[in-house]
Amino acid sequence: MKGWSPQSSARAVTTAAPCPRRRARSRTCPIPPTAVPEKAAPTPETTAHLTERLFSRLQAPVPTVRAFSTPQSSRPVAGAAVWALGRLNHVAVAVPDLEKARAFYRDVLGARVSEVSPLPEHGVSVVFVDLGNTKLELLHPLGKDSPIAGFLQKNKAGGMHHVCIEVDDINAAVMDLKEKKIRSLSDEAKIGAHGKPVIFLHPKDCGGVLVELEQA
């Protein structure tokens, strides 16, 4: 062929430009925007209805608070003994060494303590520790039949023995408690460490606590 050479053929091949590819067109359909409904303007009828509901709530009755009522059992009954509890007189603590316990409250804690008072009718020796608003009563066995001796056999280091609460009428209290089936350690009140009538209530009827009632 006229004018043909390998070099010219190679140049023709290398300089030939590739055919451009056509871009695929998207055939997806556009999504129309969601139509947001417009809020309807309140009508006079709607406004009147809302106003009526509001006033009905405001005019609703307010619940009343009931006052605590006195239990029927604590109200005085005709012919029943009337009495009342007073203040806490003392807390009694049984101690194996009365002089050592007395020195602890006096010399270590700086409290005012009494002298030792023997009470043979109760089988104890006592020391009172003045605390201002109440007292501690330190108890130690006195005699062979002391009730404190048995307590200390079970509690070698000592411990709380009873609480004493004053009453305004101990005779009325004794009568009333007997009617309520509350047992006591004696049939009637005896003179206690303060020279006033006292009586001890059985711990099994007092939640496990030995309670002493004393005439105020």
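Quick caveat: nothing in here was measured; it's all calculated off a predicted structure. (Residues numbered from 1 in each chain as written. Predicted model: local features only at pLDDT ≥ 70, side-chain atom pairs only at ≥ 80, totals over all residues. Heavy atoms only, no water.)

Quick look at the confidence of the model for the protein chain now. Put simply, the protein chain has an average pLDDT of 79, and 62% of its residues get 70 or more. Taken element by element, the protein chain is modelled with least confidence in helix α1 (residues 6-15), mean pLDDT 47, and with most confidence in helix α3 (residues 98-108), mean pLDDT 98. Taken as a whole, residues 8-17 scores under 50 in pLDDT and shows two contacts with residues more than four places along the chain or in a different chain. Of the regions scoring below 50 in pLDDT, residues 68-74 engages in one contact with residues more than four places distant in sequence or in other chains. (pLDDT = per-residue confidence, 0-100. Helix = DSSP H or I, 4+ residues; strand = E, 2+ residues; numbered from the N terminus. Contact = heavy atoms within 4.5 Å.)

The sheet contact formed by strand β1 (residues 85-94) and strand β6 (residues 159-167) spans seven bridges and is antiparallel. Note on β6: the bridge partner recorded for Val93 is Met160. Two elements, β6 and strand β9 (residues 211-215), share five bridges in a ladder whose sense is parallel. Note that in β9 the partner of Glu166 across the bridge is Glu214. (Pairing = 2+ DSSP bridges.)

Take a nonpolar patch on the surface next. A cluster of nonpolar side chains, namely Phe104, Val108 and Leu109, defines an oily patch on the protein surface of about 300 Å² accessible area. Structurally, Phe104 is set in helix α3. Using a relative accessible area of 39% as the deciding quantity, one classes Phe104 as partly exposed. (Patch = residues over 30% accessible without salt bridge, like charges linked within 9 Å, V, L, I, M, F, W, Y side chains within 5 Å. Areas by Shrake-Rupley, 256 points an atom, 1.4 Å probe, with all protein chains shown as cover. Salt bridge = Lys/Arg side-chain N within 4 Å of Asp/Glu carboxyl O. Buried < 20%, exposed > 50% of the residue type's maximum accessible area, 1.4 Å probe, protein only.)

According to the stated counting rule, one finds one aromatic pair in the structure shown. Relative to Tyr105, the ring of Phe104 lies with its centre 5.2 Å away and its plane at 80°, an arrangement referred to as edge-to-face. What makes Tyr105 buried here is its relative accessible area of 18%. (Phe/Tyr/Trp six-rings, centres within 6.5 Å; stacked < 30°, edge-to-face > 60°.)

Glancing now at helix α5 (residues 170-179). Buried within α5 we find Ile170, Ala172, Ala173, Val174, Asp176 and Leu177. Elements in contact with the buried residues of α5: β6, β8 (197-201) and β9. Of the residues that open α5, the one with a side-chain oxygen 3.3 Å from the backbone nitrogen of Asn171 is Asp169. Immediately beyond the C-terminal end of α5, within one or two residues, lies Lys181, with a positive phi of roughly 65°. (Polar contact = N/O pair within 3.5 Å; in protein donor to acceptor, adjacent residues only side chain to side chain.)

Another aspect to go through is the nonpolar core. Grouped together as the largest cluster of nonpolar side chains are 21 residues, with contacts concentrated most on Val95, Val129, Leu138 and Leu213. Secondary structure elements with two or more residues in this core: β1, α3, β4 (124-130), β5 (135-141), β6, α5, β8 and β9. Of all the elements, α5 adds the most residues to this core, at four residues. With nine residues, the next largest nonpolar core counts Val124, Val126, Phe128 and Leu139 among its residues. (Core = buried A, V, L, I, M, F, W, Y, C linked by side-chain atoms within 4.5 Å.)

So, on to the pattern of salt bridges. Under the defined criterion, the tally for this structure stands at six salt bridges. Between Glu166 and Arg87 there is a salt bridge, with its nearest N and O atoms 3.4 Å apart. Note that Glu166 is positioned in strand β6 and Arg87 in strand β1, a separation of 79 residues in sequence. Here Glu166 falls in the buried class, since its relative accessible area comes to 11%. With relative accessibility at 43%, the residue Arg87 sits in the partly exposed group. Residue Asp107 is joined to Arg106 by a salt bridge in which the shortest nitrogen-to-oxygen separation is 2.8 Å. Residue Asp107 is classed as exposed on the basis of its relative accessible area of 53%.

What you tend to see is this: most non-glycine residues have negative phi, and most peptide bonds are trans. Of note, Lys181 is a non-glycine position whose phi angle comes to about 65°, a positive value. With respect to the helices and strands, the residue Lys181 is situated in the loop between α5 and β7 (190-191). For Lys181, a relative accessible area of 70% gives the class exposed.

Note that His90 resides in strand β1. Classification of His90 as buried rests on a relative accessible area of 1%. When sequence neighbours within four positions are dropped, the list of residues in contact with His90 reads Phe128, Thr134, Lys135, Glu137, His162, Val163, Cys164, His194 and Glu212.

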